[in-house]
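# Structural overview
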Amino acid sequence: MSSNNDKFVLGGEVLLQLPSTVFRVKLENGIVIDCTISGKMRLNFIKLNPGDKVIVEISKYDVTKGRIIRRG
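The following refers to the structure shown. (Residues numbered from 1 in each chain as written. Predicted model: local features only at pLDDT ≥ 70, side-chain atom pairs only at ≥ 80, totals over all residues. Heavy atoms only, no water.)

## Description of the overall build of the protein
- Within the protein, the secondary structure is distributed over one helix and five strands.
- Tracing the protein from N to C terminus, the helices and strands come up as β-β-β-α-β-β.
- The C-alpha atoms of the protein give a radius of gyration of 11 Å, which matches the 11 Å a tight globule of 72 residues would have.
- When the backbone C-alpha atoms are referred to their principal axes, the protein occupies close to 30 × 30 × 20 Å.
- Scored against the burial criterion, the 72 residues of the protein give a buried share of 28%.
- Of all intrachain contacts in the protein linking residues separated by at least 6 positions in sequence, the fraction that spans at least 24 positions is 48%.
- For the protein, the computed accessible surface area is about 5,000 Å², with 54% contributed by carbon and sulfur atoms.
- Charged side chains of the protein number 12 positive and 7 negative; the gap between the two group centres comes to 5 Å. (Helix = DSSP H or I, 4+ residues; strand = E, 2+ residues; numbered from the N terminus. Rg over C-alpha atoms; globule rule 2.2 N^0.38 Å. Buried < 20%, exposed > 50% of the residue type's maximum accessible area, 1.4 Å probe, protein only. Contact = heavy atoms within 4.5 Å. Areas by Shrake-Rupley, 256 points an atom, 1.4 Å probe, with all protein chains shown as cover. Lys, Arg positive; Asp, Glu negative; His and termini not counted. Charge placed at Lys NZ, Arg CZ, Asp CG, Glu CD.)

Okay, here's the thing in structure tokens:
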């Protein structure tokens, strides 16, 4: 059971690209986390490079990992 209250949405900047589509992202508040790409971004072949601004969705249950939902 999932609702919109289970997630935080923050902006950030891609610092590093790691293997298997994992990116290290520095959030607006200065915290650095590992993020994967959302399914829609994979289907549309959206490319990310270090320095890109992104929007990240983080679960309130595990704040060390996130999912990139938008670039820009």
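Now that the structure is up, let's keep going.
## Some points on the environment of Asp62
- In this fold, Asp62 is placed in the loop between β4 (53–59) and β5 (65–71).
- In this structure the side chain of Asp62 is engaged in a polar contact, spanning 2.7 Å, whose partner is the side chain of Thr64. (Polar contact = N/O pair within 3.5 Å; in protein donor to acceptor, adjacent residues only side chain to side chain.)

## Let's talk about the pairing of strand β1 (residues 7–18)
- Pairing geometry for β1 and β4, over seven bridges, is antiparallel. Its bridge partner lying in β4, Gly11 is registered against Ile55.
- Where β1 lies against strand β2 (residues 22–27), six bridges are found, and the strand directions are antiparallel. By the bridge assignment for β2, Glu13 is matched with Lys26.
- Connecting β1 to the antiparallel partner β2 that follows it, the hairpin turn spans three residues, and Ser20 within it adopts a positive phi of roughly 55 degrees. (Pairing = 2+ DSSP bridges.)

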